[in-house]
Amino acid sequence: MLGMGGIWYAGSGSAPNTADTQARSQTASLEQRMRVLEQTIGRLQLLNQALWELLRERAKLTDRQLEEKALEIDLRDGVQDGRMTAMAVECPVCHRVSSSRHSRCLYCDVEFEKPIMG
Ligand SMILES: [Zn+2]
């Protein structure tokens, strides 16, 4: 009886333990991925700052010019949301498709007008 009780106890206890172990493993995996992403973002921020400071010093650009360019790029997808969302843009001249990440046609180099981008 004690032996069977022990088996049953172990049997009923092992299922939740397995689920719990899986959940912990998934959490650990997500935390690891988040740490990698945070490291990557931190590195990108650092390089972005270094690039901007070099440009500001050597090309004599201003913070205002940077902000204006960021706004222009932000608006290329038609939405001011603080980020880039690429969308297909048909060139009005050669009718081939470029990404809205670009301000010019990749094929014929024509500069896109704002309404075409939005
Ligand atoms: Zn074109």
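Each chain carries its own residue numbering, running from 1 in the written order of its sequence. Whole-chain, interface and lining totals are the exception, using all residues; otherwise, since this is a predicted model, local features are given only for residues with pLDDT of at least 70 and side-chain atom pairs are given and counted only at 80 or more.

A short note on the overall build of the protein
Test applied: Strands are runs of DSSP state E lasting at least two residues, helices are runs of H or I lasting at least four, and both sets are numbered from the N terminus onward. Each residue is classed by its C-beta neighbour count within 10 Å, where at least 20 other C-beta atoms makes it buried, 12 or fewer makes it exposed, and intermediate counts make it partly exposed; the C-beta atoms are placed from backbone geometry.
Looking only at helices and strands, the protein has 3 helices and 2 strands in total. Listing every helix and strand of the protein by position from the N terminus yields α-α-β-β-α. Within the protein, the fraction of its 118 residues that count as buried is 5%.

A few points about unusual backbone geometry
The backbone of His-95 sits at a positive phi, close to 65 degrees, despite the residue not being glycine. Notably, Asp-109 is not glycine yet its phi reads approximately 70 degrees, a positive angle. If you trace the backbone, Asp-109 turns up in the loop between β2 (97-99) and α3 (114-117). Assessed through the 10 C-beta atoms surrounding it within 10 Å, Asp-109 is described here as exposed.

Remarks on the confidence of the model for the protein
In plain terms, the rule: The pLDDT value expresses, per residue, how confident the predictor is, ranging between 0 and 100.
On average, residues of the protein score 85 in pLDDT, and 82% of them reach the 70 mark or higher. By mean pLDDT, α3 is the weakest element of the protein at 46, and helix α2 (residues 63-74) is the strongest at 93.

Topic: α2
Note the cut-off: Helix span, as expected, comes to 1.5 Å for every residue beyond the first.
In this model, α2 (12 residues) spans 16 Å end to end at C-alpha, consistent with the 16 Å of a helix rising 1.5 Å per residue. When you tally the buried positions in α2, you get 0 out of 12 residues, a small fraction of the element.

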